[in-house]
Amino acid sequence: MKIERLNYRFLLLLSTVLACTILAFFVGFIREETIVYTHFFYIPILLAGVWYRRKAVYIALLLSSVYILVTLFSPQAALSVHIFERSAIFVAVAYVIGFVSEERAKGEEKLKETKEKIKEERDKLNLILESMDDGVCIISKDYKVEFMNKVLIDVFGYHVGDICYKAFHNRDEPCPGCKNTEVVKGKTVRWEWHSRRTNRTYDLFETPLKNIDGSISKLTIFRDISEQKRIEDNLRDAEERYRVIFEHALTALCVIEHGKFVSLANKEFETLSGYSREEIKGKKWIDFIADEDMDRVQNYCEERRKGEAPACCEFKFVSRNGEIKHVNAWIEPIPGADSCIASLLDMTELKRKEEELRETCKRLAELDKMKSDFLNVAYHELRSPLAPIVGYASMLERCELPDKGKRYLYNIEQSARQLEKLINRMLELARIDGKKIELSLEWVRIPEVVSEVVKSLEPEAKEKRQKISMSVPDIEVQADKQKLIAILSNLVSNAIKYTPEEGKIDINVEDRGEDICACVADTGIGIPEEHLPKIFERFYMVDTSLTRKSGSLGLGLSIVKEYVKLHGGIVWARSEVGKGSEFFFTIPKRRKAIKKGA
Ligand code: ADP
């Protein structure tokens, strides 16, 4: 195509040159005309100048030679006066046209090159934009979408060629907040935009972009900052939460910078120190510490910052009016900062109360001792006259007495025995309370203990025609025999007491390896469920006609509990009203640290 155009130009130029040569010979030599015909020479010169630029000078020289030859050899040689000037004009015109057209061609070449370069750069830019993680779009000044990268297309769909406000916002005119006009005027803007369609927030960076044709478009980079925003919001919420917690904490809180200055304090700290928050800010931490504690607390803080000291330290705090307060301080280094948070708890009142309590306890212990001593004496004193009463009563029994007198004597004897029982039990409990009871441990054969208890209580059971059965393995335990007898006696005696006539009492002992578990079961009146947890308490009685009739004291089971506890065992009960009760207790077979035969 190019070659064809070349040939065509060349042929056309050649034809015009030939035409001019012929014209020169014909008009100038044969017809002997004036030089007017030479004006036609400008046609090939012009063509050569436009097409072959400076080479047009050769054409001008060729035509000038033709013109000179024709003029010199023409019959009117006199016409040859201006031939050289004219020839010079030809050459000059050819040179100027050639020069101008060469400059123009150069300019065109440069423009082409520039365009190609711009295109290349634009392609490169598109490639970069395509591979970006952020969304990118280019919008022309008349709101036409020129480019969208893949990220943006994936989110908003393909809209290249569409009007942006229509495509993205379904509007008929540009959005009110649109920055297009500002940006195409050369301004770079950055703003935050929340898309309701995607419910995401974008950080938009919009900058002018020069096109090949010199026009300006808007390049927008969409950075999705929803996650960042969410984190920021969470952080803000957390900060607010911590601020509220800090502010409303019930302990005095303050932040100590570099172990020296207080930078932040809460309301409680204000109350504790008596200073306002403005006064506290920047105040030296040591100003709040009493002189005698200064070095110790400073050392503590230093070690705490290194994580080498326990979390809590006690010291005397100096408030604004010089009042000394006892505080417990928890100092915690703040990670990533040369500061720590101190939480101070005012212990002054607590200390005072503690002191009071200690005094009261001391006083109470003294009173308790006095009470125990008194009760001990009282019980012994009460017991002393009882012995002669019981003695004389039994002596009187042997005397001749009228029936009425015998009845009175019987009543005296019964009451005296009951009083003796009550005093004995109270004395026993007083001794337990006074920790004056010591177990005299020995290896005790359980069948022996059970038989002894049953034998002593059998008359009572027989009186009520009750049957006592036993299932006792032949085992030995390390225990205080008398106490063990007392435990079982109490339980069996209760079983007899609270079981109607012809009822059954069953004593069962189980060898459990490490310990024994004994159970005294009866078919008696039972205990209502609500009373069960309390029956082992002192003086606790379930109010029944049987309890009242039997002259119960509510002390037997509490003694059982204490004795079992002394042996290292536990006691509990199970019962069903109207059906009967089961009392269990365990005793370890071997007391620790005491060896058999010891
Ligand atoms: P008391 O010496 O008066 O019997 P206890 O401490 O031995 O006192 O018993 C406390 C209460 O537990 C009794 O008043 C009685 O109501 C109830 N209780 C004890 N053992 C039995 C039992 N086997 N059956 C029914 N109730 C019982």
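Residues numbered from 1 in each chain as written. Predicted model: local features only at pLDDT ≥ 70, side-chain atom pairs only at ≥ 80, totals over all residues. Heavy atoms only, no water.

Engineer: Would you explain a nonpolar patch on the surface in this entry?
Structural biologist: Together, F10, L11, L14, L18, I22, F25, F26, F29, I30, L69, L72 and F73 give the surface a local cluster of nonpolar side chains, amounting to about 1200 Å² of exposed area. Every element with two or more residues in the nonpolar patch is listed here: α1 (2-30) and α3 (56-73). Per element, the largest residue contribution to the nonpolar patch is nine residues, and it comes from α1. Topologically, F10 is positioned in helix α1. Judged by its relative accessible area of 46%, F10 is partly exposed. (Patch = residues over 30% accessible without salt bridge, like charges linked within 9 Å, V, L, I, M, F, W, Y side chains within 5 Å. Areas by Shrake-Rupley, 256 points an atom, 1.4 Å probe, with all protein chains shown as cover. Salt bridge = Lys/Arg side-chain N within 4 Å of Asp/Glu carboxyl O. Helix = DSSP H or I, 4+ residues; strand = E, 2+ residues; numbered from the N terminus. Buried < 20%, exposed > 50% of the residue type's maximum accessible area, 1.4 Å probe, protein only.)

Engineer: Honestly, the sheet that holds strand β17 (residues 580-588) in this entry has me stumped. Any pointers?
Structural biologist: Backbone hydrogen bonds hold the strands of a sheet together, and the pairing may be parallel or antiparallel. Strand order in the open sheet formed by five strands is β12-β14-β15-β17-β16, with mixed pairing between adjacent strands. With one partner strand each, in any of the chains shown, β12 (467-471) and β16 (571-576) form the two edges of the open sheet. Within this sheet the neighbouring strands show an average axis-to-axis angle of 15°, counted without direction. Taken together, the seven bridges between strand β14 (residues 504-511) and strand β15 (residues 515-522) define a ladder with antiparallel strand orientation. When the bridges of β15 are listed, I507 appears paired with V520. Across the face of the sheet, helix α14 (residues 446-463) comes into contact with β12, β14 and β15 while running at roughly 175° to β12. (Pairing = 2+ DSSP bridges. Axes fitted to C-alpha atoms, helices over the stretch in contact; angles between N-to-C directions. Contact = heavy atoms within 4.5 Å.)

Engineer: Got a minute to help me understand helix α12 (residues 348-397) in this structure?
Structural biologist: Note: α-helices contain 3.6 residues per turn, so residues at a spacing of three or four share the same orientation. The end-to-end C-alpha separation of α12 is 71 Å, in line with the 74 Å expected for 50 residues at 1.5 Å each. For α12, every residue scored as buried is listed here: S372, N376, A378, Y379, L386, V390 and A393. Against α13 (403-433) lie the buried residues of α12. (Expected span 1.5 Å × (residues − 1).)

Engineer: I'm lost on the packing of aromatic side chains in this one. Help?
Structural biologist: For any pair of aromatic rings, the description rests on two quantities: the centre-to-centre distance and the angle between the ring planes. A full pass over the atoms with the stated rule returns 20 aromatic pairs. Taking the centre distance of 6.0 Å and the plane angle of 80° together, the rings of W285 and F315 count as edge-to-face. Separated by 30 residues along the polypeptide, W285 in the loop between α10 (277-280) and α11 (291-305) and F315 in strand β8 (residues 312-318) bring together distant segments of the chain. Overall, W285 belongs to the buried group, its relative accessible area being 0%. (Phe/Tyr/Trp six-rings, centres within 6.5 Å; stacked < 30°, edge-to-face > 60°.)

Engineer: Please explain the domain arrangement of the chain as it appears in this structure.
Structural biologist: Interface extent is often summarised as the accessible area lost during association of the parts. Taken domain by domain, the chain comprises domain 1 (2-108), domain 2 (132-230), domain 3 (249-346), domain 4 (353-429) and domain 5 (439-588). Spacing between the C-alpha centres of domain 2 and domain 5 amounts to 92 Å. (Domains from an automatic or database assignment.)

Engineer: Would you explain the confidence of the model for the chain in this entry?
Structural biologist: Detailed reading of the predicted model is not advised wherever pLDDT is low. Confidence in the prediction of the chain, expressed as mean pLDDT, is 87, and 94% of residues score 70 or more. In this model residues 594-598 is a low-confidence stretch, pLDDT under 50, and it forms 10 contacts with partners more than four residues away in sequence or in other chains. (pLDDT = per-residue confidence, 0-100.)

Engineer: Would you mind showing me how to read the sheet that holds strand β2 (residues 145-148) here?
Structural biologist: Spatially, β2-β1-β5-β4-β3 is the arrangement adopted by the five strands of the open sheet, whose pairing is antiparallel. With partners counted over all chains shown, the strands left at the sheet margins are β2 and β3 (189-195), one partner each. The sheet shows a mean angle of 25° between the axes of neighbouring strands, taken without regard to direction. Strand direction decides the pairing type here: strand β4 (residues 200-210) and strand β5 (residues 216-224), joined by nine bridges, are antiparallel. Looking at the pairing, E206 lines up with T220 of β5. Contacts between helix α4 (residues 83-130) and the sheet are confined to β1 (135-139), β2, β4 and β5, with β2 contributing the most and set at about 55° to the helix. On top of the sheet, helix α8 (residues 226-248) reaches β3, β4 and β5; it is set at about 130° to β4, its chief contact.

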